[in-house]
Amino acid sequence: MSEIYVPTKFMAHTQMEDGALILYCAMTGAIGAIPSDKAGMLRDALKRNARHVAPLDGIIEDLKRGGFLILPS
């Protein structure tokens, strides 16, 4: 059975004037900066109803490592 990751509720993000996103995960203390050209895709990836099936790769894997995506309890 594949693992399914979801966005954590312990996350906040803000959009900068240039369109970049700054992410913060209160659970892990991770902070991330997402360039404006990837911000739309990341916004969709972090919506409450988003689901990501492992194996993850690229920036989605980075979100998992930072604690922005977790296994639901």
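These remarks concern the structure in this document. (Residues numbered from 1 in each chain as written. Predicted model: local features only at pLDDT ≥ 70, side-chain atom pairs only at ≥ 80, totals over all residues. Heavy atoms only, no water.)

Structural notes on the pairing of strand S3 (residues 21–25)
In step 1: Going residue by residue along S3, you find Leu21, Leu23 and Cys25 tucked away on one face and Ile22 and Tyr24 left uncovered on the opposite face.
In step 2: Between strand S2 (residues 11–15) and S3, which pair antiparallel and follow one another directly, the connecting turn spans five residues, one of which, glycine 19, has a positive phi of 95°.
In step 3: Relative to strand S4 (residues 31–34), S3 runs antiparallel, the two sharing four bridges. Bridge pairing in S4 places leucine 21 opposite isoleucine 34.
In step 4: The hairpin turn running from S3 into S4, its antiparallel successor, is five residues long, and glycine 29 in that turn takes a positive phi close to 80°. (Buried < 20%, exposed > 50% of the residue type's maximum accessible area, 1.4 Å probe, protein only. Helix = DSSP H or I, 4+ residues; strand = E, 2+ residues; numbered from the N terminus. Pairing = 2+ DSSP bridges.)

Structural notes on the environment of arginine 65
In step 1: Among the secondary structure elements, arginine 65 is positioned in helix H2 (residues 58–65).
In step 2: On the accessibility criterion, arginine 65 (59% relative accessible area) is exposed.

Focus on the sheet that holds strand S5 (residues 52–53)
In step 1: The three strands lie next to each other as S5-S1-S6, forming an open sheet whose pairing is antiparallel. Where the open sheet ends on each side, the last strands, each with one partner, are S5 and strand S6 (69–70).
In step 2: Judged from the two bridges that link them, strand S1 (residues 4–7) and S5 form a sheet pairing that is antiparallel. Across the sheet, isoleucine 4 pairs through a bridge with valine 53, a residue of S5.

Re the packing of helix H1 (residues 36–45) against H2
In step 1: Direction vectors running N to C along H1 and H2 enclose 55°, while the axes themselves pass 11 Å from each other. By the angle class used here, H1 and H2 are oblique. Viewed along their axes, H1 and H2 form a crossing whose handedness is right-handed. Contacts between H1 and H2 pair Lys38, Met41, Leu42 and Ala45 from the former with Ile59, Ile60 and Leu63 from the latter.
In step 2: For the contact of H1 with H2, a count of residues per class yields six nonpolar, no polar and one charged. (Axes fitted to C-alpha atoms, helices over the stretch in contact; angles between N-to-C directions. Parallel < 35°, antiparallel > 145°, perpendicular 65-115°, else oblique. Left-handed = near helix turned anticlockwise from the far one by under 90°. Contact = heavy atoms within 4.5 Å. Nonpolar A, V, L, I, M, F, W, Y, C, P; charged D, E, K, R; others polar.)

Things to note about the pattern of salt bridges
In step 1: Tallied over the full model, the rule gives four salt bridges.
In step 2: Aspartate 44 is paired through a salt bridge with lysine 47; the nearest N and O atoms lie 3.3 Å apart.
In step 3: Taking the relative accessible area as the measure of exposure, aspartate 44 reaches 46% and is therefore partly exposed. (Salt bridge = Lys/Arg side-chain N within 4 Å of Asp/Glu carboxyl O.)

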